[in-house]
Amino acid sequence: MLTFLLKRFIQALMVVVAISVVGFLLQGALGDPIQQLLGASASDAERAALREAMGLNDPLWRQYLHFACSALQLDFGDSTFFHQPTLSILARYLPATAELIFASAVLTLLLSFPIGIYAAIRPTAALSRFFMGVSVLGISIPVFLTAIGLIQFFSIGVSVTLFPDATPWGHWLNDLLSTRGGMPAYGRGNPEHVIGVWYTNFASWKGLSYIALPALSLASVMLPLFVRLIRAEMVEILASDYVRFARAKGLTPARIYTVHALKNALLPVITLGGMQFGSLLAYTLLTETVFQWPGLGLMFLDAVERADMPLITTCLMVAGFFFVVINTLIDLTYRLLNPRIALQMEPR
Amino acid sequence: MRSFRCRFALLLGTLILLALRPAAANDEVTLRVAYNTLPISLDIHEQLSIGVLQLAHLTFDPLVRWNRHLTFEPRLATSWERPDATTMRFHLRHGVVFHSGNPFTAQDVAWTVKRLKRSPDFKAIFDPITRVDVIDDYTVDLHTRHPYPLLLNLATYIFPMDSRFYSGETEDGRDKAAIVKNGNSFASRHLSGTGPFTVEQIHPGTRIDLERFPDYWDHDSPGNVDHLTLTPIGENATRVAALLSGDVDFISPVPANALERVRRAEGVKLLTMPGTRITMLQLNQQRVPAFRDPRVRRAMAYAVDQDAIATRLLKGFVTPAAQMSPEGYAGHNPDLVPRHDLEKARQLMADAGYSQGFEVTLMAPNNRYVNDAQMAQVALAVSAMLAKINIKVDFQTLPNSQYWEQFDARAADIMMIGWYSDTNDSANFFEYLTFCPDSRTGVGFYNASEYCNPEVDSLVELANGETDPERRAGMLKRAEAMVYDDAPFIPLYWQNLAWAAADRVDIEPVLNVMNMPYLGDVVVEPRD
Amino acid sequence: MMLSARTWRQQVRNSRLWYRLRRDRVAQCALLLVVVLVGAALLAPWLAPSNPYDLAQINLLDSELPPFWVAGSVSAHPLGTDVQGRDLLSIIVYGARVSLAIGFGAVLLQAFVGISLGLLAGYRGGRVDALLMRLADIQLSFSTLMMAILVSALVKAAFGGAFYGNYGVIVLIFIIGLSEWPQYARTVRASVLGEKRKEYVEAARVLGFSGPRIVLRHILPNALSSSLVISTLQIGNAIMAEAALSFLGLGMPETEPSLGSLIKAGFDYLQSGAWWITLLPGLYLVGLIVSMNLLGDWLRDTLNPRFYDAIASNAAGSRQRRRR
């Protein structure tokens, strides 16, 4: 176990170092920070002076060593745009993203378990066929389209005039299908301050109305994934010998589903869900773009636009670090759960 | 665990909110403003940008300032005169104090002008000024090298700083007066001006809190705002949403595609004004031989339909342009109007022997913040219009961070540029955009047309030595007409300015085409 | 070996796939939709009312015309026009061509890279295998879409918009193709490990066949069926990834828009009421991805009966209970 952890630690380090080198090397290619800082009106002498002051004239390996040494002390340099340590900027944008992910995770978990279990128990029922159909649709609709659709329906509003408006039923149907809109579609509104850099959307109805549409569209991609995952796990377990045995023993179906089946399905679902962390980040980035949600994703794209290399590199390194940590945790739970799987995962 | 922590946080947040609420007294007026950017530093000489000037008008006062009709209004200077052709004498206001309590005198003006001449961003503008003489405590003379007609325009940039406050050394031995780009200088974190607001707190990049200065000199100002907060909201749509939801009271700019929504919304009002920033396409004559033929350039000017771009693509958010000087500028020539005429354009191309057309490249900047998509859309629309006279345009848009490098390298045959005259005067356009490029003096630095017409240059230079406004305007108008005929570039439009505010904010009287709302004078109806 | 047309037809008729297809309504609909949507894209030059790439045909004064069922529409533009005055129907089918080209190209590339590396890892084993699989793990854990976003952000920033303007399709094929190879590599490696132990491979080795020959002639064909299933699912993924990148402004440029960049361009005008510019290309995109995913799912379930059997047996279980 210890060697496994050690190996993993070294791998994590290698990933982070690799990312830092890539980010560092691209520094030169990503626009000129001097141009950005001084603007177009600066003279060549001023540019040269700043270039020297920022150490941009040193040999590359020296610049990298300098960078790596400070990175080890959690100093990733200052953003060329904000003039603040990059980690503190990340910290400032983190709450928005964390709250968005949290809200959609709550939605996802609340809905996916009942639906997934039901679909596994009654695979042929009309309702579960409907759910599975919707889940295929949900997986196939790009999150930004779901988001645009939600904005059109709940923020801008849709007036349907498909049915004859003169007849009472037509009028009723038109009314039913039309939406008034008015939900906030952009930004976080004015979230309440909690502590430090943390402002929250959960402390007021208004705050919640801002987070509703973004959370819903993010949940719209995670939900079908989890429903399918849970169903698949449950199907497998329900077909296993010990469940058959439990049935034969005459245990009530409710007890079989909750105690025996669900308990065994839970951990694989959580670990497999954990593997979706990367996709989750990608979807979050897209969601944040559509709703202009001022989180890490939007900040990252802005940083790319501004050629704010220290900030970009820090984002990449922190993300890489988290990926490796989460994956190690997943592997560990796998090993603890099922030694057989652990053996299979060894390449030899 | 997580949900517990969240619940705890919720509780904590609610408690803090409850504790905070009664603190704000009812009779105090708060104005919350969202701009697209905020200055990172409090040093008004560190960078020449619209954000810095907006901040300067809140915390400092200029000697004179522009009013809505583009004429001058006395501020810290009460009157002025020209003792001779190269001197301007300013008489200063009595009884003005800085935020620090120091009295304002002519010494502060002299000190500020000297500091401006050291500032990398401002020194070019202040180059004409050679000497500042303090005559007495309330009289100061500015001397120029040559007779210079735009001295009052320059005076709008002189925001006297508290010379005693900014002199000396900090505890760690740094010069308090130092101008350090993007560094932690004393002036970037401390501020003492004469303006209507004092700086309470600055969170770089996220928020600036200002308070009414109790000893403000201008007792005639109707302004009644006690607390002013500035926040940057870079994303256009978010800024609009913040106003519509009542989270802020005043926003600028309002993006083109939200104008209709703001206009229709209840409880808020939209205000627009034709702006002064010209956007044009420069046709590089060094790179493309065909562009050396004035007939080809004129044909392109005839092919582009500025009105369609303005009304269709940009939703009337711009004013179509056929010259550089906007209305109100000395050189604005009312005879020069957009000349869309496809037949004539084709004829000119045929006359020049290019009826088969040719291929060119075009580059445009593409900033995510300033109407980002529209830039690409404008470039595409122009390409489609030029395709009709058989000019095939291969265009690309680049983020701002990369664009200016390409621009300096003149990397494409056609370059898009937006230009704002720092002096609010026509001559500035010519000096930077059409003068024969001269790397020694820096004139024509942004002339990516590589156009050179000594006749235009000397006419504008003559105007720059002419102190009679009427005669000067005549010269500049003639210069505009010459450039119109020569068509070294295709003018597209002047970007309109748009602001939006809650109904209770009487914002209109304090707006101006420089986009520097004088929020010290704004009247806000208190909430009931 | 040649099959006559008749026996070929008969083989199809008797095959398990055909049998399942005839009984599955959903699969039939999906197949039909794929054929229609892909067909429309392939036949774009003949179907489209105008050529949206020919700038001389565009008239800005025709911009933002609504589709035919909305008041104010024009019969020349059945689905309306976009902000530039381009015919929306034309630009959608042309855009779908770009999307499909990138999707297929990326899948071909990832299949090639993934299968090669998977074969190498599975057959060689040892250090090569460990290294490749760790690499695959790391890349998978980053998530393919995230990987593609990061890489294209860096590529775009490093090489500039010009690069995308000229080589957009190829750049995107490479970015999406190279970020998704582990899917194939893992599956192929697993099936190689399975095949390797079988007698026929042993026999071949005893007969003195060379390693590469065994891999290519004997193991590869067996690994291909699983790759085919992955491919149908991956095309949907690749098209979606391309759309996501283009939507973020990291993909196809305005002059040669894919479905994703059409949606992005339209989104900026959503607030001004012209919903069709963004929602109609969106509908096409969803139709394309949904039908391909359904088809892929169906193919997987059909070719991999274990999963299907599990459901069936469980269904039988619940029926039994009900009877009781």
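Rules used in this analysis
Residues numbered from 1 in each chain as written. Chains lettered and ligands numbered in written order. Predicted model: local features only at pLDDT ≥ 70, side-chain atom pairs only at ≥ 80, totals over all residues. Heavy atoms only, no water. Helix = DSSP H or I, 4+ residues; strand = E, 2+ residues; numbered from the N terminus. Rg over C-alpha atoms; globule rule 2.2 N^0.38 Å. Buried < 20%, exposed > 50% of the residue type's maximum accessible area, 1.4 Å probe, protein only. Contact = heavy atoms within 4.5 Å. Lys, Arg positive; Asp, Glu negative; His and termini not counted. Charge placed at Lys NZ, Arg CZ, Asp CG, Glu CD. Buried area = accessible area lost by both parts, 1.4 Å probe. Salt bridge = Lys/Arg side-chain N within 4 Å of Asp/Glu carboxyl O. Polar contact = N/O pair within 3.5 Å; in protein donor to acceptor, adjacent residues only side chain to side chain. Nonpolar A, V, L, I, M, F, W, Y, C, P; charged D, E, K, R; others polar. 1 Å grid on protein atoms, 1.4 Å probe; cavity = no way out; pocket = protein on both sides within 12 Å on 5 of 7 lines; lining within 4 Å. Points joined across faces, edges and corners; volume = space filled by probe spheres on them. pLDDT = per-residue confidence, 0-100. Phe/Tyr/Trp six-rings, centres within 6.5 Å; stacked < 30°, edge-to-face > 60°. Lys NZ or Arg CZ within 6 Å of the ring centre and 35° of its normal. Pairing = 2+ DSSP bridges. Axes fitted to C-alpha atoms, helices over the stretch in contact; angles between N-to-C directions.

### Quick notes on the overall build of chain B
Moving on, step 1. Secondary structure assignment for chain B yields 15 helices and 19 strands.
Moving on, step 2. A globule of 528 residues ought to have a C-alpha radius of gyration of about 24 Å, and chain B, at 25 Å, matches this closely.
Moving on, step 3. Counting the 528 residues in chain B, one finds 60% classified as buried.
Moving on, step 4. Across chain B, every contact between residues at least 6 apart in sequence was considered, and the portion connecting residues at least 24 apart equals 71%.
Moving on, step 5. Averaging the coordinates of the 52 positive side-chain charges in chain B and doing the same for the 66 negative ones gives two points 5 Å apart.

### Looking at the interface of chain A and chain C
Moving on, step 1. The interface is formed by 54 residues belonging to chain A together with 46 residues belonging to chain C.
Moving on, step 2. Buried area between chain A and chain C, both sides added, is near 4600 Å², and the carbon and sulfur share of it is 71%.
Moving on, step 3. Where chain A meets chain C, there are zero salt bridges.
Moving on, step 4. Inspection of the region where chain A meets chain C yields one residue pair in polar contact (both at pLDDT 80 or more).
Moving on, step 5. Considering each element in turn, the side of chain A that touches chain C owes the most residues, nine residues, to helix α12 (residues 277-291) of chain A.
Moving on, step 6. By residue class, the composition of the side of chain A that touches chain C is 38 nonpolar, nine polar and seven charged.

### Brief notes about empty space enclosed by the protein
The gaps of empty space that remain are located by a probe, the size of a water molecule, rolled over the atoms.
Residues and elements named next belong to chain B.
Moving on, step 1. Tallying each qualifying case throughout the model produces ten cavities of 30 Å³ or more.
Moving on, step 2. Of the pockets and cavities examined, the second largest cavity occupies roughly 100 Å³.
Moving on, step 3. Secondary-structure elements contributing two or more residues to the lining of the second largest cavity are α2 (50-59) and β2 (64-66).
Moving on, step 4. Among the residues forming the lining of the second largest cavity, the class breakdown is seven nonpolar, three polar and two charged.

### Quick look at the confidence of the model for chain B
A low pLDDT means the predicted coordinates there should not be read in detail.
Moving on, step 1. Put simply, chain B has an average pLDDT of 87, and 93% of its residues get 70 or more.
Moving on, step 2. In this model residues 17-25 of chain B is a low-confidence stretch, pLDDT under 50, and it forms one contact with partners more than four residues away in sequence or in other chains.

### Focus: the packing of aromatic side chains
Moving on, step 1. A full pass over the atoms with the stated rule returns 27 aromatic pairs over all chains.
Moving on, step 2. Between W66 of chain B and F72 of chain B the ring centres are 4.4 Å apart and the planes differ by 35°, which places this aromatic pair in the tilted class.
Moving on, step 3. The exposure class assigned to W66 of chain B is buried, which follows from its relative accessible area of 8%.
Moving on, step 4. Summarising the aromatic geometry, the rings of W275 of chain C and W276 of chain C are spaced 5.7 Å apart at their centres and angled 85° between planes, so their arrangement reads as edge-to-face.
Moving on, step 5. By relative accessible area, which is 8% here, W276 of chain C ends up buried.
Moving on, step 6. Three or more aromatic residues joined by ring pairs make a cluster, and in this case those are Y403, F407, W419, Y432, F445 and Y446 of chain B.
Moving on, step 7. Of note, R65 of chain B hangs over the ring of Y518 of chain B, and the distance from its end group to the ring centre comes to 4.0 Å.
Moving on, step 8. Geometry around F186 of chain B places K176 of chain B over its ring, the cationic atom sitting 4.9 Å from the centre.

### Points about unusual backbone geometry
A negative phi angle characterises most non-glycine residues, just as the trans form characterises most peptide bonds.
Residues and elements named next belong to chain B.
Moving on, step 1. In this chain, S252 is followed by P253 through a cis amide linkage whose omega measures -5°.
Moving on, step 2. By the secondary structure assignment, P253 is in the loop between β11 (250-252) and α7 (259-264).
Moving on, step 3. Although it is not a glycine, R410 adopts a positive phi angle of roughly 50°.
Moving on, step 4. Secondary-structure assignment places R410 in the loop between α12 (400-408) and β16 (414-419).
Moving on, step 5. Here R410 falls in the buried class, since its relative accessible area comes to 13%.

### Some words on the sheet that holds strand β4 (residues 77-84) of chain B
Within a sheet, adjacent strands bond to each other through the backbone by hydrogen bonds, running parallel or antiparallel.
Residues and elements named next belong to chain B.
Moving on, step 1. Strand order in the open sheet formed by four strands is β4-β5-β7-β6, and the pairing between neighbours is antiparallel. Taken across any chain shown, the strands that pair with only one partner, and hence form the sheet edges, are β4 and β6 (129-136). Along the sheet, successive strands turn relative to each other by an average axial angle of 20°, direction set aside.
Moving on, step 2. As defined by bridge partners, strand β5 (residues 87-92) adjoins strand β7 (residues 139-144) across five bridges and the pair is classed as antiparallel. Looking at the pairing, M88 lines up with L142 of β7.

### Overview of the pattern of salt bridges
Side chains bearing opposite charge may pair, as long as their charged atoms lie close to each other.
Residues and elements named next belong to chain B.
Moving on, step 1. What the rule picks out here adds up to 24 salt bridges over all chains.
Moving on, step 2. With a shortest N-O distance of 2.8 Å, R115 and D43 are connected by a salt bridge. Here the residue R115 occupies a position in helix α3 (residues 106-118), and D43 occupies one in the loop between β1 (30-35) and α2, the gap between them amounting to 72 residues.
Moving on, step 3. Overall, the relative accessible area of 1% leaves R115 in the buried class.
Moving on, step 4. Since its relative accessible area comes to 1%, D43 is described here as buried.
Moving on, step 5. Here R472 makes a salt bridge to D425, at a shortest N to O gap of 2.8 Å. With R472 in helix α15 (residues 469-486) and D425 in the loop between β16 and α13 (426-433), this pair connects stretches of sequence that are 47 residues apart. Accessibility classification places R472 together with D425 in one group, the buried group.

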